[in-house]
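Below, each chain spelled out in residue letters.
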Amino acid sequence: MKIYGDVISPFVRMTLVTAHEAGLKDRVSLVQTNAKLAEANPALERLSPIGKIPVLETDHHHPIHDSRVIMEYLAHVAGRSDLIPDDGVKRFRVLTLQATAIGAAEAAVALRYETAQRPEMMRWPQYQQRLVRRIAATLDDLDVNWTDALGSVTVATIAVACALGYIDFRHAALDWRKGREKLAAFEKDFSARASILAWPLV
């Protein structure tokens, strides 16, 4: 299986870490692929009509796109119901936590685009402030309401760890650990896992 993307993307990194945690690290390889905000990538668009990373190409050469779908596919292939529980109540709590983490990552990536890629004369300060508020609100929610769910390895906690790693990498000035001791403790523990260390942000 091949995953097309760049490890700096939190969404690509989520899929790579999931493959590792699912025991599939030797069956999955990363194909370095860049996706720029204002430029089409024809090779990527041949795999996925939306032209975004990540895209997974299965062993049967079928493309699967969107990090959530890829993570679920990898858990399915590995038969790892601990990563995405089958039980309805547990399953939807994990998926909701995953969506929360992905929301934080989306806001962080959008903030990076606004501050580093969009031409300065076209930047929208109010939108940047909204993104910062969204990141802060999401991390507050993770710190206050998800302590129990952060105690196990699932697609959700993988997503949380990768979102936090990206925020550290691109937005260190946000100082997200301040006032969020439980979330900081989670990140410290999870960042020491082999699956995270195998895909460092460089």
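Residues numbered from 1 in each chain as written. Predicted model: local features only at pLDDT ≥ 70, side-chain atom pairs only at ≥ 80, totals over all residues. Heavy atoms only, no water.

Visitor: Looking at this structure, I do not really get the sheet that holds strand β4 (residues 63–65). What am I missing?
Guide: Adjacent strands of a sheet pair through backbone hydrogen bonds, lying either parallel or antiparallel. As summarised here, the arrangement of the four strands in space is β2-β1-β3-β4, forming an open sheet in which the pairing is mixed. This sheet does not close on itself; its edge strands, each paired only once, are β2 (29–32) and β4. The average angle at which neighbouring strand axes cross in this sheet is 25°, direction not considered. One ladder, built from four bridges, connects strand β1 (residues 2–5) with β2; its direction is parallel. Bridged to Lys2 within β2 is Ser29. Sitting on the sheet, helix α1 (residues 10–21) touches β1 and β2, and the angle it makes with β1 is about 160°. Helix-sheet contacts for helix α3 (residues 67–78) involve β3 (55–57) and β4, and the interaxial angle to β4 is about 120°. (Pairing = 2+ DSSP bridges. Helix = DSSP H or I, 4+ residues; strand = E, 2+ residues; numbered from the N terminus. Axes fitted to C-alpha atoms, helices over the stretch in contact; angles between N-to-C directions. Contact = heavy atoms within 4.5 Å.)

Visitor: Hey, could you run me through the nonpolar core in this one?
Guide: General note: in soluble globular proteins, nonpolar side chains tend to be found buried as a group. Counting 61 residues, the largest nonpolar core has Met14, Leu74, Leu97, Leu139, Val160, Leu183 and Phe186 as the members making the most contacts within it. In this structure, Leu97 is in contact with Leu142, Trp146, Ala149, Leu150, Ala156 and Val160, ignoring residues within four places of it in sequence. (Core = buried A, V, L, I, M, F, W, Y, C linked by side-chain atoms within 4.5 Å. Buried < 20%, exposed > 50% of the residue type's maximum accessible area, 1.4 Å probe, protein only.)

Visitor: Looking at this structure, how should I read the environment of Gly151?
Guide: Within the secondary structure, Gly151 sits in the loop between α5 (125–145) and α6 (155–170). Judged by relative accessible area, Gly151 falls into the exposed class, the value being 70%. Along the primary structure Gly151 and Phe186 are separated by 35 residues, whereas in three dimensions their C-alpha atoms are 7.8 Å apart.

Visitor: Can you walk me through unusual backbone geometry in this structure?
Guide: What you tend to see is this: most non-glycine residues have negative phi, and most peptide bonds are trans. Between Ile53 and the following residue, Pro54, the backbone shows a cis peptide bond with an omega angle of 5°. Tracing the backbone through its elements, the reader meets Pro54 in the loop between α2 (42–47) and β3. Backbone geometry places His61, a non-glycine residue, at a positive phi of 70°. The exposure class of His61 is exposed, given its relative accessible area of 59%. A positive phi angle is found at Asp175, which is not glycine, with a value near 50°.

Visitor: Sorry if this is basic, but what is going on with the pattern of salt bridges here?
Guide: Pairing is possible between side chains of opposite charge, provided their charged atoms come close. The tally for this structure, following the rule as stated, stands at 11 salt bridges. Of the charged contacts in the structure, one is a salt bridge between Arg91 and Glu72, with a shortest N-O distance of 2.8 Å. Of this pair, Arg91 sits in helix α4 (residues 88–117) while Glu72 is found in helix α3, placing the two residues 19 residues apart along the sequence. Residue Glu72 is classed as partly exposed on the basis of its relative accessible area, which comes to 33%. Note that Glu114 and Arg118 form a salt bridge whose closest N and O atoms lie 2.6 Å from each other. Three or more residues joined by partner-sharing salt bridges are found here, namely Asp168, Arg177 and Glu187. (Salt bridge = Lys/Arg side-chain N within 4 Å of Asp/Glu carboxyl O.)

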